[in-house]
Amino acid sequence: MLQKLYIRHLKNFIGQDVVLSGWATRVRGSGKVCFIQFRDGTGFVQVVAGVTDVPAEDFEMIKHLTQESSIRVHGKVVESPKAPAGFEIVASHVELVSKTENYPISPKEHGTDFLMDWRHLWIRSPREHAILTIRHSIVQAIREYFDSHDFTLVDAPIFTPNECEGSSTLFATPYFDETAYLSQSGQLYMEAACAAFGRAYCFGPTFRAENSNTRRHLTEFWMVEPEVAYMDLDGDIELAEGLVQAIAKRVLTHNAAELKLLERDTKALEITANEPFARVSYTDAVKIIQDSGAEFTWGDDFGGPDETIVGSHFNRPVVVYDYPAEIKPFYMKKSAENPKVVRNMDILAPEGFGEIIGGGQREEDLTVLEDAIKKQGLSPEVYSWYLDVRRYGSVPHAGFGLGLERTVAWICNLPHVRETGAFPRLPHRLKP
């Protein structure tokens with residue numbers, strides 16, 4: 001009986017007969033041999049169909065196969081040094097499952113807007129397939145890292161009664177007799193969770209309503225947010241650095257083919273995986289920006305161009321710590337040595353990709369936190385449940401958030417985050 005397998009497994013079945021079910025992406029050939037570029041969702045492989053190898057009716061059907069027609073291939077896996085995977089399929093029988101007419105994405109060049117309109121089909125292409133495969137590996141690395149470091153996954157709600165990041169641009173929605181907001185972050189809930197589990201993390205979608213159209217912003221994105229009881233800023237940095245290194249190592253180990261297809265120079269990833277990150281204070285980072293000739297005043301927040309300048313100053317990720325208190329959210333803990341700064345950190349990716357992680361130590365003192373909430377014009381009553389974490393068993397704690405899409409963009413060296421997820425949401429794009 002022939003074995004039904006997937007392309008990703010074929011390297012282990014050289015010389016054996018197999019059955020593959022998938023789609024024809026392209027067909028070319030002469031009078032006696034046809035070559036089908038074939039995909040099954042796990043990879044791409046060439047199928048060779050000779051006029052004497054398959055039934056006459058099969059060969060006639062293959063000659064007229066259209067792009068993205070569904071087919072089932074029976075054949076033998078044979079070594080082929082010239083093939084990208086090192087093997088190909090010599091067909092003995094090809095079944096037509098369904099024929100596609102007028103597939104909208106032809107092999108010619110298309111503009112980005114056109115391709116985004118057909119995103120539900122564009123993700124079938126080798127490039128997009130490689131990007132989303134790497135995204136899957138990054139997600140696996142994230143889950144394995146936290147699961148192997150004694151963390152408990154605690155899901156945070158998407159409907160929330162209050163903001164987290166101190167922003168007024170939230171997605172509001174009626175919630176029976178109240179107004180709810182789509183979550184900006186699960187952090188506040190993870191602070192409660194770490195008091196229950198010690199080490200907790202959430203991993204899910206978050207939303208930002210800023211009408212920002214830069215290459216680094218989406219309105220919906222995924223974020224992983226760990227929070228740890230009895231952890232200070234130094235421990236937080238160490239945890240974050242370990243996570244980014246684990247991601248780089250997994251992709252380098254498991255996704256060499258995808259990185260090659262994307263023509264990704266892996267030098268920066270190899271350095272990231274194996275060497276300590278650079279560390280500079282916000283104050284020193286400001287000097288780097290100013291020395292580059294750009295205008296910047298101490299106390300301002302970094303924009304994308306500023307992050308690019310600082311990140312490009314190093315050949316590896318850089319941790320920037322101790323930002324001015326005035327530009328950070330109410331929950332950040334102020335430095336005991338210099339109350340003008342808070343004990344926070346960002347990790348900036350190299351190669352101009354900017355912030356991929358933001359976090360720090362949280363304020364554990366109830367009175368100080370209440371005053372900070374009032375100072376930022378927020379209502380302590382709205383945050384009453386959050387303040388309960390300080391009322392009942394408060395401890396020093398810290399955490400961070402890693403943006404999945406920005407991380408994918410950096411790992412894959414993509415010019416824009418819109419390709420980092422299957423169906424991205426941008427300010428002016430809600431479909432497909």
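Residues numbered from 1 in each chain as written. Predicted model: local features only at pLDDT ≥ 70, side-chain atom pairs only at ≥ 80, totals over all residues. Heavy atoms only, no water.

You'll find the protein entered in an unreviewed UniProt entry as Asparagine--tRNA ligase, with Hallerella porci given as the organism. Word for word, the UniProt comment on the protein under Catalytic activity (unreviewed entry) is "tRNA(Asn) + L-asparagine + ATP = L-asparaginyl-tRNA(Asn) + AMP + diphosphate + H(+)". Under the UniProt heading Sequence similarities (unreviewed entry), the note attached to the protein is "Belongs to the class-II aminoacyl-tRNA synthetase family." (UniProt positions renumbered as here; feature names shortened; annotations may be inferred.)

1. Thoughts on helix H4 (residues 126-147)
The periodicity of an α-helix, 3.6 residues per turn, causes residues three or four places apart in sequence to face the same way. Taking 1.5 Å of rise per residue, the 22 residues of H4 would be expected to cover 32 Å, and the 31 Å separating its terminal C-alpha atoms lies within 8% of that figure. For H4, the set of buried residues is Glu128, His129, Ala130, Ile131, Ile134, Arg135, Ser137, Ile138, Ala141, Ile142, Tyr145 and Phe146. (Helix = DSSP H or I, 4+ residues; strand = E, 2+ residues; numbered from the N terminus. Expected span 1.5 Å × (residues − 1). Buried < 20%, exposed > 50% of the residue type's maximum accessible area, 1.4 Å probe, protein only.)

2. Some remarks on the sheet that holds strand S15 (residues 344-349)
The eight strands lie next to each other as S7-S11-S12-S17-S16-S15-S14-S13, forming an open sheet whose pairing is mixed. Two strands close off the open sheet at either side, each with one partner strand: strand S7 (152-153) and strand S13 (278-281). Bridge analysis of S13 against strand S14 (residues 318-321) gives four bridges, and the strand direction is parallel. Looking across to S14, one finds that Val280 is bridged to Val320. Here helix H9 (residues 282-291) sits on the sheet and contacts S13 and S14; the angle it forms with S13, its principal contact strand, is near 95°. Along the sheet face, helix H13 (residues 404-412) touches strand S11 (199-207), strand S12 (220-229), S15, strand S16 (354-361) and strand S17 (397-403) and points at about 55° away from the line of S17. (Pairing = 2+ DSSP bridges. Contact = heavy atoms within 4.5 Å. Axes fitted to C-alpha atoms, helices over the stretch in contact; angles between N-to-C directions.)

3. Remarks on the pairing of strand S4 (residues 44-50)
Regular strands place their side chains on alternate faces of the sheet. When you tally the buried positions in S4, you get six out of seven residues, the bulk of the element. Count of turn residues in the strand S3 (residues 33-39)/S4 antiparallel hairpin: four residues, of which Gly41 carries a positive phi of about 100°. When S4 meets strand S6 (residues 87-98), the two strands line up parallel, connected through two bridges. Each bridged residue has a counterpart across the sheet, and for Val47 the counterpart in S6 is Ile89.

4. Digging into the packing of helix H5 (residues 187-197) against helix H12 (residues 384-391)
Remark: H5 packs on H12, axes separated minimally by 10 Å, with the N-to-C direction vectors making an angle of 30°. Considering the angle they form, H5 stands roughly parallel to H12. Considering only the axes of H5 and H12, their crossing is left-handed. Taken together, the residues of H12 that come into contact with H5 (itself represented by Gln187, Leu188, Tyr189, Glu191, Ala192 and Ala195) are Trp385, Tyr386, Val389 and Arg390. Class assignment of the residues belonging to the contact of H5 with H12 gives a composition of seven nonpolar, one polar and two charged. (Parallel < 35°, antiparallel > 145°, perpendicular 65-115°, else oblique. Left-handed = near helix turned anticlockwise from the far one by under 90°. Nonpolar A, V, L, I, M, F, W, Y, C, P; charged D, E, K, R; others polar.)

5. Considering the pattern of salt bridges
Counted under the stated rule, the structure contains 23 salt bridges. Salt-bridge contacts for Glu307 lead to Arg216; the nearest nitrogen and oxygen are separated by 3.0 Å. With Glu307 in helix H10 (residues 304-312) and Arg216 in the loop between S11 and S12, this residue pair connects regions lying 91 residues apart in the sequence. Accessibility classification places Glu307 together with Arg216 in one group, the buried group. Taking the shortest distance from any N to any O, the salt bridge between Arg316 and Glu275 comes out at 3.0 Å. Of the two residues, Arg316 is situated in the loop between H10 and S14 and Glu275 in the loop between helix H8 (267-274) and S13; the sequence distance between them amounts to 41 residues. Connected through salt bridges with shared partners, the residues Arg119, Arg127, Glu128 and Glu419 form a single ionic network. (Salt bridge = Lys/Arg side-chain N within 4 Å of Asp/Glu carboxyl O.)

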